[in-house]
Every structure is written in structure tokens, then in C-alpha cells.
Amino acid sequence: MRSDWLKIKLDDLSGNEIFSLLQEHLEDMRATSPPESVHALNLEALKDPSVQFWTIWDGQILAGCGAFKKLDPKHAEIKSMRTSSLYKNQGVASKLLMHIIEQAKLSGMNRLSLETGAMDYFVPAHALYLKHGFSFCAPFSDYKEDPNSKFMSLDLVKM
């Protein structure tokens, strides 16, 4: 399916649509992972100045969201990647991920990392990130080894 009809915008997280999608995201993370392994940011944490947050739209319909949080001047972490259930398997996540990667490079980042779940629920996410050049890695930043988490990273300098 074509994804060129989708528009990405830097978002201030003030709309009701994004609130609902983030609530759905947090509920799914809590339903699939033990509490100590849920690392999704809530709405207020996503408003931190270290975070850049984007939404992807099909006209007036929110199709997905994603962000990166600067961990240091050269390293950022992908946060809150989510595709609306109406838009799964239509290229939304890939288009948004490519945008986030490009924005990270433009922001001077050398490395982009992420934490995701280790359960079967997260296998499509693993495949998405692997498709875009990420590889599995050791925990980064403040993360610790966790059997419920997988860590991935992308070297932006080698791209």
C-alpha cells in the first residue's frame, strides 16, 4: 500500500487524538509486560524538552506517532512508536521510523537506540527495526539486563 498520502508533523501533544493513542499504547504495554519492564513514557514525560515527538496523519485521522529522546549530545532513544490499529501493515511505522532516523541525523545524533519487549507481541517491532538497519545490542543508558526487554541500536554515522 502507498504511504505517500500520509503527512508527518512535529506535535505538541495537545490533541485528544494523541492522548487516546498514547493511552492505548500504555495499556498495551502494561498488558504485555510486567510493571518493572514497562518503559513507555506518559504524556507529561513526552513533553520534556529532550523529546521530539511526531504524529503521522491521514487527513484528519491520526495514523501513528513516535519520538526520540536525547540521552546525550550524540545519542537518542526512540520512544512511543505506535501505529493506530486502523493503519497496521500499511507502511505507517516504516515511514515514521525513516523520518525519525533522518531527524536524529539532522539533530547531530550519531546513535539511535531503543528498548522494546521480548515477548511474541513485539516480534513485528523487532522485524521493523531490523529492516531499517537496527541490530540487537546490550542495555544502554540507565537500562539493566531484563529477560522481558530487547535493546536495539543504529549507528547513524555509518548510514
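Quick note: structure is the one above.
Note that the structure is predicted; figures quoted are calculated from it, not measured. (Residues numbered from 1 in each chain as written. Predicted model: local features only at pLDDT ≥ 70, side-chain atom pairs only at ≥ 80, totals over all residues. Heavy atoms only, no water.)

(A) How the structure looks around the overall build of the protein chain. A tally of helices and strands in the protein chain yields 4 helices and 7 strands. Scanning the protein chain from its N terminus toward the C terminus, one meets helices and strands in the order β-α-α-β-β-β-α-β-α-β-β. In terms of overall dimensions, the protein chain is globule-like: its C-alpha atoms have a radius of gyration of 15 Å, near the 15 Å expected for 159 residues. Projected onto its principal axes, the C-alpha positions of the protein chain cover 40 × 35 × 30 Å. Here the protein chain, with 159 residues, has 43% of them falling under the buried criterion. Treating the 18 positive side-chain charges of the protein chain as one cloud and the 20 negative ones as another, the clouds have centres 6 Å apart. (Helix = DSSP H or I, 4+ residues; strand = E, 2+ residues; numbered from the N terminus. Rg over C-alpha atoms; globule rule 2.2 N^0.38 Å. Buried < 20%, exposed > 50% of the residue type's maximum accessible area, 1.4 Å probe, protein only. Lys, Arg positive; Asp, Glu negative; His and termini not counted. Charge placed at Lys NZ, Arg CZ, Asp CG, Glu CD.)

(B) Spotlight on the pairing of strand β4 (residues 75–83). Buried residues dominate β4, accounting for 9 of its 9 residues. Summarising the sheet, strand β3 (residues 61–72) and β4 pair through 7 bridges and their orientation is antiparallel. Considered in β4, the bridge of Lys70 is made with Ala76. The loop that links β3 with its antiparallel partner β4 comprises 2 residues. One ladder, built from 3 bridges, connects β4 with strand β5 (residues 111–117); its direction is parallel. Bridged to His75 within β5 is Arg111. (Pairing = 2+ DSSP bridges.)

(C) Geometry of the side chain of Asp11. Structurally, Asp11 can be placed in the loop between β1 (7–10) and α1 (16–32). In this structure, Asp11 is buried with no salt-bridge partner, the nearest side chain bearing the opposite charge being Lys9 at 4.2 Å. Here Thr55 takes part through its side chain, which lies 2.8 Å from a polar atom of the side chain of Asp11. Those residues in contact with Asp11 that sit more than four places away from it in its chain are Ile18, Phe53, Trp54, Thr55 and Trp57. (Salt bridge = Lys/Arg side-chain N within 4 Å of Asp/Glu carboxyl O. Polar contact = N/O pair within 3.5 Å; in protein donor to acceptor, adjacent residues only side chain to side chain. Contact = heavy atoms within 4.5 Å.)

(D) Region of the structure containing the packing of aromatic side chains. Applying the stated rule across the entire model yields 7 aromatic pairs. Summarising the aromatic geometry, the rings of Trp5 and Tyr87 are spaced 6.2 Å apart at their centres and angled 40° between planes, so their arrangement reads as tilted. Here Trp5, found in the segment before β1, pairs with Tyr87, found in the loop between β4 and α3 (92–106); they are 82 residues apart in sequence, far enough to count as distant. Residues Trp54 and Phe68 carry aromatic rings whose centres are separated by 5.5 Å and whose planes lie at 50° to one another, so their mutual orientation is tilted. Of this pair, Trp54 sits in strand β2 (residues 51–58) while Phe68 sits in strand β3, and the two are 14 residues apart along the sequence. (Phe/Tyr/Trp six-rings, centres within 6.5 Å; stacked < 30°, edge-to-face > 60°.)

(E) Quick peek at the sheet that holds β2. Taken together, the 7 strands give an open sheet; going across it, the order is β1-β2-β3-β4-β5-β7-β6, and neighbouring strands pair in mixed fashion. Across the chains shown, the open sheet's two edge strands, defined by having one partner strand only, are β1 and β6 (135–137). Across the sheet, the mean angle from the axis of one strand to that of its neighbour is 30°, orientation sign disregarded. Judged from the 7 bridges that link them, β5 and strand β7 (residues 149–155) form a sheet pairing that is antiparallel. Looking across to β7, one finds that Leu114 is bridged to Met152. Sheet strands in contact with α3 are β1, β2, β3, β4, β5 and β7, and its direction is about 30° off that of β3. (Axes fitted to C-alpha atoms, helices over the stretch in contact; angles between N-to-C directions.)

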